[in-house]
Amino acid sequence: MLDGMKITNEIDDEIRSLRETFLTRSVSHLDEVDEMLGEKISRPEELDLEFIRRRVHDFKGRGAIFGVVLVSEIARHAEDYLRTVDQLDKEGLLGLRAY
């Protein structure tokens, strides 16, 4: 019984550690995406839309995995929006940054 509790505690610790890593990396990834969007406002045709789509998809999935529902839901809405466009203009970039 004690071995089972020890394993459960180790798993809980590992999940906490992975969640913290997710949150730390998410801040860095959000900053990266926001910076890219900001830089491309005057040149939206240069935006790597596929990179943005992948990042948003990652946020959606990892947010769900680690129980960060708000991140996952916001990313889901952004992903739905990105599915509707082939290219973003200045207004579209500003809208995407709002997510």
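These lines cover the structure that appears in this document, whether it is placed above or below. If you're wondering where the values come from, they're calculated on a predicted model, not measured in any experiment.

**Overview of the pattern of salt bridges**
Any two side chains of opposite charge can pair, so long as their charged atoms come close to each other. As enumerated under the stated definition, the model contains 11 salt bridges in all. The partner of arginine 16 in a salt bridge is aspartate 13, with the nearest N and O atoms 2.6 Å apart. Of this pair, arginine 16 and aspartate 13 both sit in helix α1 (residues 2–39), separated by 3 residues, roughly a single helical turn. On the basis of relative accessibility, which here comes to 48%, the residue arginine 16 falls in the partly exposed class. On the accessibility criterion, aspartate 13 (44% relative accessible area) is partly exposed. Lysine 40 is the salt-bridge partner of glutamate 46, the closest N and O atoms lying 3.4 Å from each other. Looking at glutamate 46, the relative accessible area reads 41%, which means it is partly exposed. Within this structure, Lys60, Glu73, Arg76, Glu79, Asp80 and Arg83 form a network of salt bridges that share partners.

**Some details on the nonpolar core**
With 16 residues, the main nonpolar core has Leu37, Leu47, Ile52, Leu82, Leu88 and Leu96 as its most contacted residues. For this core, the secondary structure elements donating two or more residues are α1, α2 (49–65), α3 (69–83) and α4 (90–98). A per-element tally of this core places α2 first, with 5 residues. Not counting the four nearest positions on each side in its chain, leucine 37 is found in contact with Leu47, Ile52, Leu93, Leu96 and Arg97.

Basis of the calculations
Residues numbered from 1 in each chain as written. Predicted model: local features only at pLDDT ≥ 70, side-chain atom pairs only at ≥ 80, totals over all residues. Heavy atoms only, no water. Salt bridge = Lys/Arg side-chain N within 4 Å of Asp/Glu carboxyl O. Helix = DSSP H or I, 4+ residues; strand = E, 2+ residues; numbered from the N terminus. Buried < 20%, exposed > 50% of the residue type's maximum accessible area, 1.4 Å probe, protein only. Core = buried A, V, L, I, M, F, W, Y, C linked by side-chain atoms within 4.5 Å. Contact = heavy atoms within 4.5 Å.

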